[in-house]
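Tertiary structure, described
The residues making up each chain are set out below.
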Amino acid sequence: MKATGSRPPRPTPADLAAARDKTLADVAAPGLRVLFSGINPGLYSAATGHHFARPGNRFWPALHRSGFTPRLLCPDEQEQLLDIGLGITNIVARATARADQLRPDELREGGRELAAKVGRLSPRWLAIVGVTAYRTAFGRPGASVGPQDQTLGRTRVWVLPNPSGLNAHWSAESLAGEFARLRAAADGAAADGAAADSAAADSAASDSARLRAAADSAAADSARLRTAADSAGPEPSGTSQLPW
């Protein structure tokens, strides 16, 4: 059994070179609380087959420190996210050494494909990890970190800071704080959804009770009419004789 806290084996330089332009399978399912989207896989992630796998990337620590996961998960435990309603995908599928090696048209096409994927999976929130990539991919040049006014169907959009260790603008604490803001919103949406489902179930039960009562009332009316008809007796079989 793998020890808790272990990391995937380090890929060799040859492994990294061979990973260029490879794709990485999504960790996704319909109806998630949050679907996280990276920009695109790095060579380290593509070589290992695990999202945000490069040592120094702060995605997994931020996920834990913000309360999304009960413990710090390793990248090779990514499938466990599905059990708590979380998933991971990317805007662009192909792996590169750096995100700035992606062309703007690739990001825009990736944004369209991501929007279509969200339409199929219907997560409550899409969390895009990287504001610069979001601005290009979705044509939102003025976007900033946090909740967006854009929605994709019924899915709301939140932009998170890039968790790369190279992103010096965000400390580990401030990064985890932004993830925690998203978690609070996601948990609130889940509670609202559960309340709405409960209200809908109560309404359906009430409608069913009214229909049963109406059916019972109609049956009672029918029985009363039959009783009245029986009390009136049969219709006369002949006609009276006139005197002339």
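To be clear, the structure that these remarks concern was listed above.
Residues numbered from 1 in each chain as written. Predicted model: local features only at pLDDT ≥ 70, side-chain atom pairs only at ≥ 80, totals over all residues. Heavy atoms only, no water.

**Some words on the environment of Arg-33**
Structurally, Arg-33 is set in the loop between α1 (13-18) and β1 (34-38). Between the alpha carbons of Arg-33 and Trp-125 there is a distance of 6.2 Å; along the sequence they are 92 residues apart. Filtering out sequence-adjacent residues up to four positions away, Arg-33 remains in contact with Phe-68, Ile-84, Gly-85, Leu-86, Arg-124, Trp-125, Arg-183 and Asp-187. Only 2.7 Å separates the side chain of Arg-33 from the side chain of Asp-187, close enough to count as a polar contact. (Helix = DSSP H or I, 4+ residues; strand = E, 2+ residues; numbered from the N terminus. Contact = heavy atoms within 4.5 Å. Polar contact = N/O pair within 3.5 Å; in protein donor to acceptor, adjacent residues only side chain to side chain.)

**Quick look at the environment of Leu-16**
By the secondary structure assignment, Leu-16 is in helix α1. Placed 29 residues apart in sequence, Leu-16 and Ser-45 show a C-alpha to C-alpha distance of 9.1 Å. Residues contacting Leu-16, with those up to four places away along its chain left out, are Pro-11, Leu-43, Tyr-44 and Ala-47.

**Here we look at the pattern of salt bridges**
All chains considered together, the criterion is met by 13 salt bridges. A salt bridge links Arg-65 to Glu-173; its shortest N-O distance comes to 3.8 Å. Pair noted here: Arg-65 is in helix α3 (residues 59-65) and Glu-173 is in helix α6 (residues 172-232), with a separation of 108 residues, a long-range link. Between Arg-103 and Asp-105 there is a salt bridge, with the nearest N and O atoms lying 3.2 Å from each other. On the basis of relative accessible area, Arg-103 is assigned to the partly exposed category, the value being 44%. Overall, the relative accessible area of 37% leaves Asp-105 in the partly exposed class. One salt-bridge network, in which partners are shared between bridges, spans Asp-21, Arg-94, Arg-103, Asp-105 and Glu-106. (Salt bridge = Lys/Arg side-chain N within 4 Å of Asp/Glu carboxyl O. Buried < 20%, exposed > 50% of the residue type's maximum accessible area, 1.4 Å probe, protein only.)

**Some words on the environment of Gly-110**
Note on placement: Gly-110 falls in helix α4 (residues 104-121). We classify Gly-110 as buried; its relative accessible area is 3%. Each C-alpha atom, one on Gly-110 and one on Asn-90, is 8.2 Å from the other, the two residues being 20 residues apart in sequence.

**Regarding α4**
For α4, which comprises 18 residues, the first-to-last C-alpha distance of 25 Å matches the rise-based estimate of 26 Å (1.5 Å per residue) to within 8%. Glu-106, Leu-107, Gly-110, Gly-111, Leu-114, Lys-117, Val-118 and Leu-121 are the residues of α4 that are buried. Angularly, the buried residues of α4 cover 140° about the axis, an arc narrow enough to put them on a single face. Exposed and oriented more than 90 degrees from the buried face of α4 are Arg-112, Gly-119 and Arg-120. Where α4 is buried, its residues touch β1, β2 (86-90), β3 (125-129), α5 (131-137), β4 (146-152) and β5 (155-160). (Expected span 1.5 Å × (residues − 1). Arc of directions from axis to C-beta.)

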